[in-house]
Amino acid sequence: MKAIELEKAYEPKSFEDRIYNEWETKGYFKPASDEASPVHAQYKCQCEDCNKKTNTYSVVIPPPNVTGVLHMGHGLNNTLQDIVVRYHRMKGDNTLWLTGTDHAGIATQNVVERQLKKEGLTRNDLGREKFLERTWKVKEDHHNTIVKQQRKLGNSTDWERERFTYDEGLSAAVRDVFVTLYERGLMYRGKRLVNWCPRCGTALADDEVDHEDTQGAMYHLYYEYADGSGKIEVATTRPETFFGDTAVAVNPTDERYTALVGKKLKLPLTGKEIPIIADDYVDKEFGTGMVKITPAHDPNDWEVGKRHNLEVINLLTPDGRLNENVPEKYRGLKPEAARKLVIEDLEAAGLFKGEEKMVHSVGHCYRCKTVVEPYLSDQWFVKMKPMADKALAAWKKGEIQFFPQKWENTYSHWLENIRDWCVSRQIWWGHRIPAWYCQKCGEVIVSREDPCKCPKCGAGASDLKQDEDVLDTWFSSWLWPFSTLGWPENTPDLATFYPTTALVTAYDIIFFWVSRMIMAGLEFTGKAPFHDIYIHGLVRDKQGRKMSKSLGNGMDPLEIIDMYGADALKFTLGFMCAQGQDILIDKDSFKLGSRFCNKVWNASRYLLGNLEGRNLVPVTDADLTELDKWIYSRLNYAAKTAREALDTYRYNDAASALMEYFWNEFCDWYVEATKINFKNGDDKEKDRQASVLMNILEENLRLLHPYLPFVTEEIYGKLPLSEIAANRKSAGNQKVASNSEYAGMLINAPYPEYTKDRENAEIEARFEVLKELIGKTRALRVDCGIDPASKINIAILIEKGSAAEVCREKVEMIQLLAGVAKVDFVEAKPASSIGTVGKGFESFILVDENINKEQLIARFQKTIEKEEGFARMSQNKLNGNFAKHAPANLVEEEKARLAESERKIATLQSYIADLK
């Protein structure tokens, strides 16, 4: 046959887009159960045979927000999903990866409002309808960018099933859930203290508040008794809020103040009087043991106020300024300005004792980073405890499983301490709350359909006013696993793919999304929405910092793809993704994946280019050499390791095993060793060897495909697949059927399986000795500074009866792979030689006329002197202040450097002794 030519250089830009378009247009991203799938016929056949039941594997993508472009965190998340989805598709599972985007209420509205601000406009200038039109346009622009990025990444998602959290179907599901919760008594409206963002002008849920340590102060104030008999001291971080104080509390067991309970105090700078009350909330050991109570501006004070029926006085406007409930001179001021003025006035009145600088935790809006204020307002809430109890029970019963397991503690702790969820938002972009208020009788109507009249007084639609608020973004996202499959309708997709199999997501949204999805799934479908929950780390820069625009350390996945190709990005991220750890990378990190892609390309190019004049023939097990059996055993082990790792989401373990097998064992050992047969064998042997190499290369490409989908697909399409398949069948190997049965592309070819028949511990032990001997001989050459191109002579001493006896049979392989001219087997160490020891053998480089002994000794001595210098430096650091004050990991690194220098010195000294 003719040689098959691959381009000399690996150029991913030349084929990645073409291959992706072919996958998509031919329907390979569709599940096998879909009639448009190229393997639907096989799926249908299997479904009709109860002995060949096809498993289902379904994943829903964490929908990215339509507020911008994908960052490297999305690149990691999408890559990890694509790897397992491709793996399960190749396993023969009926696989669906469902994609989509999130409308991201507050975040998207902020984008549009920032645009309007540059034009000198506000949303109110446009009005609700025009504002929403503009927001839809922003959504479309960003959505198109995101989809382009996902295609470049190689996401094998079913694009025809793509969803959006604000599309018609999901909007219907959201309304149905709201009404159902209301009917079940789990949705209610009430005036409560909420987290309020003055910048966004909306309420936030507890987990939408980021708490940051902030420099502040504790201010000490005096409140005078109303009867003029003295004064008390209280402390606060927010003195401007004392205008909303309606009591001062003491602990009922605090004997210092028992007689004062009920006594009145004058509120400074006002004419008001407030009582001293007793409540267990007060810690009598903290400060003076007296606490000012401001029910409208502190969550704990709110609870005290409810217990004592205290007046609740809101001091803030929706935009975060002091309102009409404070003296006139403070009205309209921001809290910071009001605080400064209040302290000046208290000092003038002799009611300010002083301040203490301190760092305390302050809540900020998770979107715009504005300081969040406790704020009293009417909001809609979901009762979470009943649903949280179900979600905890599902976890305890093993219905969900976290990878890694440590995240179970985070999950259970949050659910055990859950608070009701404030779901109303005072913005325009989002799902409008399906509640109407009758303007005549005050009736509240919650309905799946827009009401035509009031059910209580009969007033018409014109007298019914819909709630202006929209629902929290996460209220649609928590329905994502089943609403995207057609719920509340009982669709075929819902019946086939729900519950989904796995969720792959980052740890920063366990509260926002993961826990709530589990609660929603159990509440509305009776089933947990997925079984496997893989929580991956975050992508950080090499200094461990989170990537952000402000730090300028972010990376665009498309830039990396442009530099190295999508496979380089995917393999690098998979290789570096260890369970429970963040990933620290820079642009150079992706050279790892690029080098591996190049290795796969160049190895394949070499093998295909050497087919000139060869005939591919059937190869039975009896035709395999010991070398062939060894590589099949190693391939078998790599397939076993990769499968076990991917089944438990240990991405880095699978990637490491694949790279070690292909680069080291297949390329550096097996392919190199087969050159002996091509050099010395007759045509029959060369045909046999070429056929084995093609069989193994084809299987290798299937093994690597989930991590390197593009380059493996491109090479796979060049293979002489019909000859390979025909010869396998002829040889009685039914493991891999013909290419035509898998519709022509690697993406749907079967993933290699582990088989007991291929396992051969005896041959592996023999070859491990060979690898060790050759490896140590190579290392000895490096130590001696001998040119790799120079042929040397070695002697080998074999321990009788050991596995190292194989060396006597593999002299030609040793000569080729170790760069050796001559191999002698000896009974004792030869004179003028340098030795190395391995399992069952000693190997000696003979210092003969080919090697200058004196130059070699001088080289060793010079290296020893250099290493002694390094050792002294390390020892001095470890004996000095470094060891006392440096971080433990740096101290351990220095100890390791010292140990390595001492090892090198001892080794080289032994070489000198051998030579002398």
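Conventions we followed
- Residues numbered from 1 in each chain as written.
- Predicted model: local features only at pLDDT ≥ 70, side-chain atom pairs only at ≥ 80, totals over all residues.
- Heavy atoms only, no water.
- Disulfide = S-S within 2.5 Å.
- Buried < 20%, exposed > 50% of the residue type's maximum accessible area, 1.4 Å probe, protein only.
- Helix = DSSP H or I, 4+ residues; strand = E, 2+ residues; numbered from the N terminus.
- Contact = heavy atoms within 4.5 Å.
- Pairing = 2+ DSSP bridges.
- Axes fitted to C-alpha atoms, helices over the stretch in contact; angles between N-to-C directions.
- Core = buried A, V, L, I, M, F, W, Y, C linked by side-chain atoms within 4.5 Å.
- Expected span 1.5 Å × (residues − 1).
- Parallel < 35°, antiparallel > 145°, perpendicular 65-115°, else oblique.
- Nonpolar A, V, L, I, M, F, W, Y, C, P; charged D, E, K, R; others polar.
- Salt bridge = Lys/Arg side-chain N within 4 Å of Asp/Glu carboxyl O.
- pLDDT = per-residue confidence, 0-100.
- Phe/Tyr/Trp six-rings, centres within 6.5 Å; stacked < 30°, edge-to-face > 60°.
- Lys NZ or Arg CZ within 6 Å of the ring centre and 35° of its normal.

One pass over the full model with this rule turns up zero disulfides. Of the cysteine sulfurs around Cys 422, a residue in no disulfide, the closest is that of Cys 365, at 13 Å. Not engaged in a disulfide, the cysteine Cys 667 finds its nearest cysteine sulfur in Cys 597; these two sulfurs lie 13 Å apart. Overall, the relative accessible area of 6% leaves Cys 667 in the buried class.

The next point concerns the side chain of Asn 323. When you line up the elements, Asn 323 lands in the loop between helix H8 (299-308) and helix H9 (335-348). Classification of Asn 323 as buried rests on a relative accessible area of 6%. Sequence-distant contacts of Asn 323, that is, excluding residues within four places in its chain, are made with Asn 314, Leu 315, Leu 316, Thr 317 and Arg 331.

Turning to the sheet that holds strand S18 (residues 435-438), a few remarks are in order. The antiparallel open sheet is built from three strands, whose spatial order is S19-S18-S20. The strands lining the two open edges of the sheet, one partner per strand, are strand S19 (444-446) and strand S20 (464-466). Within this sheet the neighbouring strands show an average axis-to-axis angle of 30°, counted without direction. Bridge analysis of S18 against S19 gives three bridges, and the strand direction is antiparallel. Of the residues in S19, the one forming a bridge with Trp 436 is Ile 445.

Looking now at the pairing of strand S8 (residues 231-236). Strand direction decides the pairing type here: strand S7 (residues 209-225) and S8, joined by six bridges, are antiparallel. Across the sheet, residue Tyr 222 finds its bridge partner in S8, namely Glu 233. Taking the residues between adjacent antiparallel strands as the criterion, S7 and S8 are bridged by five residues, where Gly 228 takes a positive phi near 75°.

Before going further, it helps to spend a moment on unusual backbone geometry. Along the chain, Trp 487 connects to Pro 488 via a cis peptide bond; the corresponding omega equals 15°. Tracing the sequence through the fold places Pro 488 in the loop between helix H13 (480-483) and helix H14 (492-497). Cis rather than trans, the peptide bond between Tyr 498 and Pro 499 has omega equal to 0°. Along the chain, Pro 499 falls in the loop between H14 and strand S22 (502-506). In this structure, Ala 104 is a non-glycine residue whose phi angle is positive, near 50°. Along the polypeptide, Ala 104 turns up in the loop between strand S3 (100-101) and helix H4 (105-118).

For the rest of this paragraph, the subject is the nonpolar core. Core analysis: the biggest nonpolar cluster contains 141 residues, and Met 72, Tyr 651, Phe 666, Tyr 670, Tyr 707 and Ile 814 have the highest contact counts within it. With 14 residues, the top contributor of residues to this core is helix H20 (residues 651-680). With residues up to four places along the chain from it excluded, the contact list for Phe 666 reads Leu 607, Ile 631, Tyr 661, Val 671, Leu 693, Ile 696 and Asn 700. Formed by 73 residues, the second largest nonpolar core is a distinct cluster that contains Ile 106, Ala 205, Trp 380 and Val 470.

In this section: H4. With 14 residues, H4 should reach 20 Å at 1.5 Å per residue; the first-to-last C-alpha distance of 21 Å fits that figure. In terms of residue burial, H4 counts as a mostly covered element, since 10 of its 14 residues are buried. Of all the residues in H4, the buried ones are Gly 105, Ile 106, Ala 107, Thr 108, Gln 109, Asn 110, Val 111, Val 112, Glu 113 and Leu 116. Where the residues of H4 are buried, they touch helix H5 (123-126), helix H6 (128-153), strand S6 (202-204), strand S17 (424-425) and helix H12 (473-477). Taken from the residues just after H4, Gly 120 is the one with a positive phi, measuring 75°.

Moving on to the packing of helix H11 (residues 407-416) against helix H15 (residues 510-525). Where H11 contacts H15, the two axes come as close as 11 Å, and the packing angle between them is 75°. In terms of orientation, H11 and H15 fall into the roughly perpendicular class. Packed against H11, whose contacting residues are Trp 407, Thr 410, Tyr 411, Trp 414 and Leu 415, the element H15 presents Ile 510, Phe 511, Ser 515, Arg 516, Ile 518 and Met 519 at the interface. Of the residues that constitute the contact of H11 with H15, the class distribution is eight nonpolar, two polar and one charged.

What follows concerns the pattern of salt bridges. A full pass over the atoms with the stated rule returns 76 salt bridges. Taking the shortest distance from any N to any O, the salt bridge between Lys 30 and Asp 158 comes out at 3.2 Å. A residue pair is termed long-range when its members are at least 10 positions apart, and Lys 30 in the loop between helix H1 (16-25) and helix H2 (40-47) and Asp 158 in the loop between H6 and strand S4 (163-164) qualify at 128 residues. Both residues of the pair, Lys 30 and Asp 158, belong to the buried class. Ionic pairing is found between Asp 647 and Lys 91, a salt bridge with its closest N-O pair at 3.5 Å. Highlighted residues: Asp 647 in helix H19 (residues 626-647) and Lys 91 in the loop between helix H3 (72-90) and strand S2 (94-98), separated in sequence by 556 residues.

The subject of this paragraph is the confidence of the model for the chain. Residue-level pLDDT values for the chain average 91, and 97% of them are 70 or greater. Below pLDDT 50 for its whole length, residues 734-743 participates in 22 contacts with residues either more than four positions away or in separate chains.

The subject of this paragraph is the packing of aromatic side chains. What the rule picks out here adds up to 43 aromatic pairs. Seen in terms of ring centroids, Trp 136 and Phe 164 are 5.8 Å apart; in terms of plane orientation they differ by 65°. Their pairing is edge-to-face. One end of the pair, Trp 136, is in helix H6; the other, Phe 164, is in strand S4, and 28 residues separate them in sequence. Relative accessible area serves as the criterion here: at 6%, Phe 164 is assigned to the buried category. Ring geometry for Tyr 661 and Phe 666: centres 6.4 Å apart, planes at 35°, overall tilted. Given a relative accessible area of 1%, Tyr 661 falls into the buried group. On the basis of relative accessibility, which here comes to 0%, the residue Phe 666 falls in the buried class. Three or more aromatic residues joined by ring pairs form one cluster here, namely Phe 178, Tyr 182, Trp 380, Trp 421, Phe 475, Trp 478, Phe 482, Trp 487, Tyr 498 and Phe 524. Taking NZ or CZ as reference, Lys 640 lies 5.7 Å from the ring centre of Tyr 754, over its face. One cation-aromatic arrangement involves Lys 877 over Phe 882; the distance from NZ or CZ to the ring centre is 4.5 Å.

An order of S6-S5-S14-S16 is seen for the four strands of this open sheet, with the pairing classed as antiparallel. Among the strands making up the open sheet, the edge pair consists of S6 and strand S16 (421-422).

Take the environment of Asn 748 next. Within the element layout of this structure, Asn 748 appears in the loop between helix H23 (721-730) and helix H24 (761-784). The class for Asn 748 is buried, based on a relative accessible area of 10%. Separated by 245 residues in sequence, Asn 748 and Leu 503 have C-alpha atoms that sit 22 Å apart.

Looking now at the environment of Arg 605. For Arg 605, the position within the fold is in helix H18 (residues 591-609). In the structure, Arg 605 is positioned 193 residues away from Ile 798 in sequence and 39 Å away in space, judged by C-alpha atoms. Every residue in contact with Arg 605, bar those within four places of it in the chain, is listed here: Leu 6, Glu 7 and Lys 8.

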